[in-house]
Each structure stands twice: as structure tokens, then as C-alpha cells.
Amino acid sequence: MPRKAQTKHGPEGRYYRKRLPKPGGGWIDVYGKTLTELAEKVTLKQNELAAADAAPKDQLYVFEYAAGFYARRAPHLSAERRKVYQYQINKVICPVIGGKLIREITRDDLEDVLATRAHLSRRSQKETVQILKQIFEAAEDAGAVPRDPSRKLEAHGDPPPKKNALTEPQEEQLLAAVRGLKIEPFVMLGLFTGMRRGEICGLRWDCVDLNEKAPCIHVRRACRWPDKIRPVVSDKLKSPSAYRSIPIPKQLQNYLQAVRDAQEGTDAQIARRYVFCNADGSPVSYSTLRRRWDCVRRRSTASGRELGEKIRNRRIWITLDFTPTPHLLRHTYITRLILGGADLKRVQYLAGHADSKITLEIYTSLQGNAPEDMIDKIWEIFDASDDAE
């Protein structure tokens, strides 16, 4: 019989724990930040245990367990994440080990799965490792395997290239390049709020507060394109941490005020429109977003042209000597916060990071390693040694 939920405290605040009896003895700990989340996870884990207990464990194949694992996990995943799980299970994992008994799987078998992904980056391999760990951790909890073979499994491959934020001159070049274009609201919001692509496309005017004392943007919706065509706006964000209110600088406040003043209609009508939108105020499609962003890329040397060159038959000059991407706007915003001396926990909140490790990795790579941060100490050390001579 499950034990009563207990309240615990950790580095990120209060959470709840419930212990379920493990087949063969022992207990399984289930955690949740709220009682509702805990209840959902307990139900999911109980279903996994019941399904695994009903199956003949000695003859349970990997593809059978993986299918049941996905069926139990799918209702709790977004449409995008379901596609990721389907691809990893059907196209990556099962073609290699799907026909083997799950109780006979070893670490070498899992390495064979990763070997088929050796040509990909470490980030791509991490998705495979993550799902393998989830499958075999659940299998161990259910008693389908004597020991989880994925315990020390790690992704291989080269780490992703280091991201460099835009410098102030580059920001000015970018803002000048997009001035008056339909992509301008997207760039302004990305640079001055650090919102994710879907959050920018899902922003409506009812979440933009332009009052004089504390102008801010409330992140409450996100736009997704499940079929890579039509936009689907939802109030379900990436994580609970993504719900946040972001104070905005004067430059963005003035820009948004001018855009809003140009809108026609009553306040109620304007509130229902999207900030970055089609002509009728509706959210943009995936192809529209890409087409508008191409207007930025076309003005950079990434298009294959030289800086200062004019595109034939168009009034467009190559003015950007860097490769702009939507995520680069967000990375630049976070970098400016950190280098500006913002508190780490506040940076995590404003960025909407669920895990403080993500913020900390960026923070530690930026703070204290610039030459201007170290020169005084270097001079002190080496000048002292010169004086001693």
C-alpha cells in the first residue's frame, strides 16, 4: 500500500514525495512540486508497475516493453515530444535491440544503439540516452530487469559549438537592418525580453503592460507548429518556470507603445490580437515565420555575399557580418543580464529556466574570465614577483 505523501525541502524549494512498494521488496520514490503533479506521477508509475507485473517477464521483449512505456507516457507529453519519443523508439532503439529479451539487455547493447548515432552531435545523442534511461529505469522499478543497464550511459560526440552573444555594435546593426520590416517586432522582443520563439509568437496585447511605473510582459502563452504549418497557441508552456513577468526597458516600451497606438479598433479588440502577427492580428504560420526571418538572413554574409554588397534588382545591402538566429536573440539577452551584474536567481527567473544548472553553466562561462576581470590580479601576482627580484 502506498505511503502517505510527505513534504520535503530541497535546493529549489518545497516538493512532495510518495513511496510506492517495489516488486520484490523495497520502495520507489515519486516526487512532485505540487500535490496534483504528484498524484499524476503516482498514477503513471502505478500503471507502469501493473502493466509490467501482468506481462510474462521471462519472455518480455524490448519492443513490447517500449510500446507499453510509450502508451503510458504519451498522455503526459506535448505533441512535439510525442514525435521525439516515437522516432527514438521506432527508428533508433528498436531496430537495434527491439527483438531481444529486455532482461538480457546489457550496457554493451545500449552502446550498440548509440553507435548508430555516432555521426551526430552530442546533443542529438543525449535524446537517445535520455529515453533509454527512462525506459530501463521504469523497467527496473517494475521488476522487468534485475538491474538498470543504462545507469552510467553517456552521450558521445563533440560538444555543441560555444555560443557568442551579439556585441553592442552588432545589436545596433541588427536593429538597423530590420527597421520597418515585418520581422522587427520579433527581433525587438527577442533582444529585450529573451523570450523563446514560441513565446514571442504566442504573445497577445492583453499580456503587454505598458504603464509608466513598471512596464512588463506577462508570458502566459506559447505558439507551436505541430505539423510545421498551422500555428497552435496554448497556455501550456514548456515548464512551470516559463510562466513569468518580464520588466522591459524604455526602448522596448516606446516601440511597443508606438505599435499599439497604430492599431485600429477598441481596447478589447486590440487585446485579442497578437503582437507579432499576420495582417489580421492572427498568429503567424511556420512558413511565414521562416520567410520573415529570411529577410534578416538575406542581409548577412551568411547568404554567401560580401559585407557592403548590394543584392541585384533589390534595395538590399549586406550589413551584417554575423549569422543571426532566433535563439541568438535570447542568448544575447541572458548574457547582458549576467554581465550587467544581475543576481543568478533573477536571471533564472527572467529566462524561464526550469533547471538552475542551465543558468549556472552560462553564468560560470561568462563571469570572471574576461581579461578585464583578471588583469588586476595578474598584475598583482607578476609585479610582486618582479619586486622580489
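Heads up: the structure comes first, above all this text.
Notes on the structure follow. Bear in mind that the values here come from a model prediction, so they are computed numbers and not experimental data.

Right, let's get into unusual backbone geometry. A positive phi angle, close to 60°, is found at Lys228, a residue other than glycine. Taking the relative accessible area as the measure of exposure, Lys228 reaches 51% and is therefore exposed.

Moving on, we come to the packing of aromatic side chains. Enumeration according to the criterion identifies five aromatic pairs in this entry. On the numbers, 5.9 Å between centres and 65° between planes, the contact of Phe186 with Trp293 is edge-to-face. In this pair, Phe186 sits in helix α7 (residues 184-193) while Trp293 sits in helix α11 (residues 286-297), placing the two residues 107 residues apart along the sequence. Considered together, Phe186 and Trp293 belong to a single accessibility category, that of buried residues. Ring geometry for Trp225 versus Tyr286: centroids 5.9 Å apart, planes at 65°, classification edge-to-face. Of this pair, Trp225 sits in the loop between β6 (222-224) and β7 (232-234) while Tyr286 is found in helix α11, placing the two residues 61 residues apart along the sequence. No difference in accessibility class separates Trp225 from Tyr286, as the two residues are buried. Counting every residue linked through ring pairs, the aromatic cluster contains Phe186, Phe276 and Trp293. Above the face of the Tyr274 ring, Arg204 is positioned so that its terminal group lies 5.9 Å from the ring centre.

Okay, the pairing of strand β5 (residues 216-219) next. Regular strands place side chains that alternate from one sheet face to the opposite one. Bridge count for strand β4 (residues 208-209) against β5 is two bridges, and the pairing is antiparallel. From the neighbouring strand, Asp209 faces β5, where its bridge partner is Cys216. Hairpin remark: β4 followed by β5, antiparallel, with six residues in the connecting loop. Examined bridge by bridge, β5 and strand β8 (residues 244-247) share four bridges and lie antiparallel to one another. Pairing of Cys216 across the sheet is with Pro247, part of β8.

Turning our attention to the packing of helix α3 (residues 79-97) against helix α5 (residues 122-141). As a packed pair, α3 and α5 sit with axes 10 Å apart at the nearest point and diverge in direction by 80°. With respect to their mutual orientation, α3 and α5 come out roughly perpendicular. Contacts between α3 and α5 involve Arg81, Val84, Tyr85, Gln88, Ile89, Val92, Ile93 and Ile97 from the first element and Glu127, Thr128, Gln130, Ile131, Leu132, Gln134, Ile135 and Phe136 from the second. Here the residues of the contact of α3 with α5 sort into 10 nonpolar, four polar and two charged.

The strand order β4-β5-β8 describes an open sheet built from three strands, whose pairing is antiparallel. One side of each edge strand has no neighbouring strand; the edge strands of this open sheet are β4 and β8.

Note that Glu171 resides in helix α6 (residues 168-178). Classification of Glu171 by relative accessible area gives buried; the value is 6%. Polar contacts involving the side chain of Glu171 include one to the side chain of Arg336, which spans 3.0 Å. Those residues within four positions of Glu171 in sequence are excluded, and the remaining contacts are Leu166, Leu191, Thr332 and Arg336.

What counts and how
Residues numbered from 1 in each chain as written. Predicted model: local features only at pLDDT ≥ 70, side-chain atom pairs only at ≥ 80, totals over all residues. Heavy atoms only, no water. Buried < 20%, exposed > 50% of the residue type's maximum accessible area, 1.4 Å probe, protein only. Phe/Tyr/Trp six-rings, centres within 6.5 Å; stacked < 30°, edge-to-face > 60°. Helix = DSSP H or I, 4+ residues; strand = E, 2+ residues; numbered from the N terminus. Lys NZ or Arg CZ within 6 Å of the ring centre and 35° of its normal. Pairing = 2+ DSSP bridges. Axes fitted to C-alpha atoms, helices over the stretch in contact; angles between N-to-C directions. Parallel < 35°, antiparallel > 145°, perpendicular 65-115°, else oblique. Contact = heavy atoms within 4.5 Å. Nonpolar A, V, L, I, M, F, W, Y, C, P; charged D, E, K, R; others polar. Polar contact = N/O pair within 3.5 Å; in protein donor to acceptor, adjacent residues only side chain to side chain.

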